[in-house]
Amino acid sequence: MKCADCGEELSASDLKCSNCGKAVSKDFNYSNMEKELLNTVMEEETLHGITGRNTFYQDTDAKDSAENEADSFAPFEKKPGKLAAAFFAVAACLGCGAWFLQTFSTDYVYEKTQAAYQECLAGLAEEDYTLALRSVELLLQEDKKSLEYLALKNKICEDTQDVKEQRKVLKKIIALDEDNYQAYEQLLHIYLDDGNTDAIKKLEAEAPNSVIAAMLREYIVGPPYLELTPGVYDATQELAMSSEGGYDIYYTLDGSPPLEKGIRYMGPILLEQDHFYEIRAVCKNENGINGDESAGTYQIGISADIAHAQSTPNEPSVYPESGSYDVPQRITIDVPIGCTAYYSWLLGTMLTPENGTLYTGGIEMPEGESILSVIITDENGNCSTVKQVNYTYQKQAQE
């Protein structure tokens with residue numbers, strides 16, 4: 001035991017301090033006992049080499065009293081334990097809260113997704129496509145790469161004949177599942193309906209495997225081959241044609257469109273003396289798909305002047321054909337090399353190069369009913385017959 005005033009060591013029987021004369025209190029002081037025990041522990045640690053210095057003491061001036069030294073322990077009394085307990089309590093609360101929020105959130109999202117999925121199926125079954133589409137859009141917001149959800153949307157587009165959106169959906173499915181034969185097949189038929197042979201060729205070129213490539217290749221038709229080189233000949237010639245896939249060939253001799261006015265090729269064609277031939281030919285497969293055209297001119301045993309005189313331009317080809325449309329169309333005219341096209345929307349007037357409008361590119365289709373007149377002139381001033389096309393264009397009503 002030590003004197004509370006000067007710190008002198010005292011025995012249990014001392015009534016007063018031998019150093020300062022201060023009377024020794026016999027009341028048991030828990031605070032003093034705690035401090036003395038702490039001092040004893042720290043001194044033993046220093047003596048036994050546990051630490052080189054007392055980590056609870058800061059270097060102080062030698063003049064500082066024992067009282068000040070003892071007071072410096074005050075901030076550390078019992079506080080580390082309390083802080084640790086508080087820290088672990090807060091951490092436990094935060095952990096429980098995070099677990100609860102995660103569990104609750106996961107369950108909520110799962111239930112919401114299941115509800116949207118069931119609504120989509122119910123909408124399809126009842127042909128309520130507004131409900132089905134709204135539900136599948138919610139599903140795709142949660143997982144835009146889900147093949148199952150994309151398949152549902154594809155079915156909705158197919159049933160509602162939304163070809164434009166279905167084309168986009170099928171492309172997404174193929175991007176995620178490149179071996180999806182059914183998606184390729186559906187996209188192929190959309191391109192066939194559009195007459196987009198270039199898109200089919202691109203699909204075939206990028207096909208991921210031989211099975212899909214072979215399926216697409218059945219719908220790709222190449223141009224026919226003219227086995228007699230176009231040009232000038234002195235005597236009668238025979239023109240043979242062939243197709244790489246053995247497809248049917250349709251041709252014309254006067255430059256007319258072969259798909260509209262073509263004759264089916266059955267064998268070599270006799271090109272007679274003193275004639276000028278403008279051959280146009282195209283192949284068509286068993287599915288009704290046609291390829292690109294082949295064309296050539298043949299001058300057989302006649303002078304150039306006579307050939308030019310006989311080569312009056314044929315009636316022009318105009319696309320699209322006559323019909324009714326509810327979306328804007330861009331009208332194009334097939335102009336042969338060395339020729340010029342003129343057009344007019346006027347009725348009751350004979351179209352000529354003088355009163356017509358020079359064709360330089362696509363023509364916008366006017367709204368309502370209209371008749372387009374078109375002629376072709378060659379470099380010698382020869383003029384074709386007038387081609388007339390009837391159009392009806394009504395804009396779709398805004399929903």
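Calculation notes
Residues numbered from 1 in each chain as written. Predicted model: local features only at pLDDT ≥ 70, side-chain atom pairs only at ≥ 80, totals over all residues. Heavy atoms only, no water. Helix = DSSP H or I, 4+ residues; strand = E, 2+ residues; numbered from the N terminus. Buried < 20%, exposed > 50% of the residue type's maximum accessible area, 1.4 Å probe, protein only. Contact = heavy atoms within 4.5 Å. Pairing = 2+ DSSP bridges. pLDDT = per-residue confidence, 0-100. Phe/Tyr/Trp six-rings, centres within 6.5 Å; stacked < 30°, edge-to-face > 60°. Polar contact = N/O pair within 3.5 Å; in protein donor to acceptor, adjacent residues only side chain to side chain. 1 Å grid on protein atoms, 1.4 Å probe; cavity = no way out; pocket = protein on both sides within 12 Å on 5 of 7 lines; lining within 4 Å. Points joined across faces, edges and corners; volume = space filled by probe spheres on them. Nonpolar A, V, L, I, M, F, W, Y, C, P; charged D, E, K, R; others polar. Salt bridge = Lys/Arg side-chain N within 4 Å of Asp/Glu carboxyl O. Patch = residues over 30% accessible without salt bridge, like charges linked within 9 Å, V, L, I, M, F, W, Y side chains within 5 Å. Areas by Shrake-Rupley, 256 points an atom, 1.4 Å probe, with all protein chains shown as cover. Lys, Arg positive; Asp, Glu negative; His and termini not counted. Charge placed at Lys NZ, Arg CZ, Asp CG, Glu CD. Expected span 1.5 Å × (residues − 1). Core = buried A, V, L, I, M, F, W, Y, C linked by side-chain atoms within 4.5 Å.

A. How the structure looks around the overall build of the chain. Summing up its helical and strand segments, the chain has 11 helices and 17 strands in all. Of all 399 residues assigned to the chain, the portion counted as buried reaches 30%. Taking as baseline every contact in the chain between residues at least 6 positions apart, the subset at least 24 positions apart corresponds to 53%.

B. Summary view of the sheet that holds strand β11 (residues 323-325). Pairing is mixed across the open sheet formed by 5 strands, whose spatial order is β11-β17-β16-β13-β14. A single partner strand is all that each edge strand has here, and the edge strands are β11 and β14 (357-358). In this sheet, strand β17 (residues 387-393) lies alongside strand β16 (residues 368-377) in antiparallel orientation, the contact comprising 7 bridges. Pairing of E369 across the sheet is with T392, part of β17.

C. Expanded view of the confidence of the model for the chain. Of all residues in the chain, 74% have pLDDT values of 70 or greater, and the mean over the chain is 79. Per-element confidence in the chain ranges from a low mean pLDDT of 49 for helix α2 (residues 66-71) to a high of 95 for strand β4 (residues 241-242). Overall, residues 45-66 carries pLDDT values under 50, and its contacts beyond four positions in sequence, including any with other chains, amount to 13 contacts. This stretch, residues 72-78, has a pLDDT under 50; its non-local contacts, to residues over four places away or in other chains, come to 8 contacts.

D. Highlighting the packing of aromatic side chains. Per the stated rule, a full pass over the model turns up 2 aromatic pairs. Note on Y251 and Y265: the rings are 6.3 Å apart at their centroids and 75° apart in plane angle, and the pair reads as edge-to-face. One end of the pair, Y251, is in strand β5 (residues 248-252); the other, Y265, is in the loop between β6 (263-264) and β7 (269-271), with 14 residues separating them in the sequence. The pair formed by Y251 and Y265 is uniform in burial state, with each residue classed as buried. Ring plane angle 55° and centroid distance 6.3 Å describe the contact between Y325 and Y391, whose orientation is recorded as tilted. Remark: Y391 occurs in strand β17 and Y325 occurs in strand β11; sequence separation between them is 66 residues.

E. Quick peek at the side chain of S373. For S373, the location among the structural elements is in strand β16. Reaching out from S373, the side chain makes a polar contact with the side chain of Q388 at a distance of 3.2 Å. Non-local contacts of S373, meaning those with residues more than four positions away in its chain, are made with Y342, Y343, S344, L351, V386, K387 and Q388.

F. Spatial organisation of empty space enclosed by the protein. This model, assessed by the stated rule, comprises 4 cavities of 30 Å³ or more. As a volume, the largest cavity reaches approximately 50 Å³. Among the secondary structure elements, those contributing two or more residues to the lining of the largest cavity are α3 (79-125) and α4 (129-142). Tallied by class, the residues present in the lining of the largest cavity amount to 3 nonpolar, 1 polar and 2 charged.

G. View of the environment of Y251. Taking the relative accessible area as the measure of exposure, Y251 reaches 11% and is therefore buried. The sequence separation of Y251 and R264 amounts to 13 residues, and the corresponding C-alpha distance is 6.6 Å. Here Y251 is in contact with M241, P258, G262, I263, R264, Y265, I269, R280 and A281, once residues within four sequence places are set aside.

H. A look at the pattern of salt bridges. Inspection of every chain in the model, using the stated rule, returns 12 salt bridges. The partner of R264 in a salt bridge is D248, with the nearest N and O atoms 3.0 Å apart. Of this pair, R264 sits in strand β6 while D248 sits in strand β5, and the two are 16 residues apart along the sequence. The salt bridge partner of E315 is K261, with a shortest N-O separation of 3.9 Å. Taken together, the residues span a long stretch of sequence, with E315 in the loop between α11 (304-310) and β10 (317-319) and K261 in helix α10 (residues 258-261) at a distance of 54 residues. Of the residues examined, E315 reaches a relative accessible area of 30% and is grouped as partly exposed.

I. Highlighting the sheet that holds β5. Sheet architecture is open: 5 strands sit in the order β2-β9-β8-β5-β6, paired in mixed fashion. Each having just a single partner strand, β2 (231-233) and β6 make up the two edges of the open sheet. Bridge analysis of β2 against strand β9 (residues 294-300) gives 3 bridges, and the strand direction is parallel. By the bridge assignment for β9, Y233 is matched with I300.

J. Spatial organisation of a positive patch on the surface. On the surface, K144, K145, K164, K168 and K172 cluster together into a positively charged patch. Note that K144 resides in the loop between α4 and α5 (147-160). On the basis of relative accessibility, which here comes to 64%, the residue K144 falls in the exposed class.

K. Representation of α5. Taking 1.5 Å per residue, 14 residues should reach 20 Å; α5 reaches 20 Å between its end C-alpha atoms and fits that length. Within the span of α5, buried status applies to Y149, L150, L152, K153, N154, I156 and C157. Phi turns positive one or two residues past the end of α5, at Q161, with a value near 60°.

L. Up close: the nonpolar core. Formed by 52 residues in total, the largest nonpolar core has its most connected members in L216, L239, M241, L271 and Y298. Tallying contributions element by element places helix α7 (residues 181-194) first for this core, with 7 residues. For Y298, the residues in contact, after removing those within four places along its chain, are L226, L228, T229, P230, G231, Y233, L239, L271, H275, F276, Y277 and I279. Residues Y325, Y343, I363 and I376 belong to the second largest nonpolar core, which totals 16 residues.

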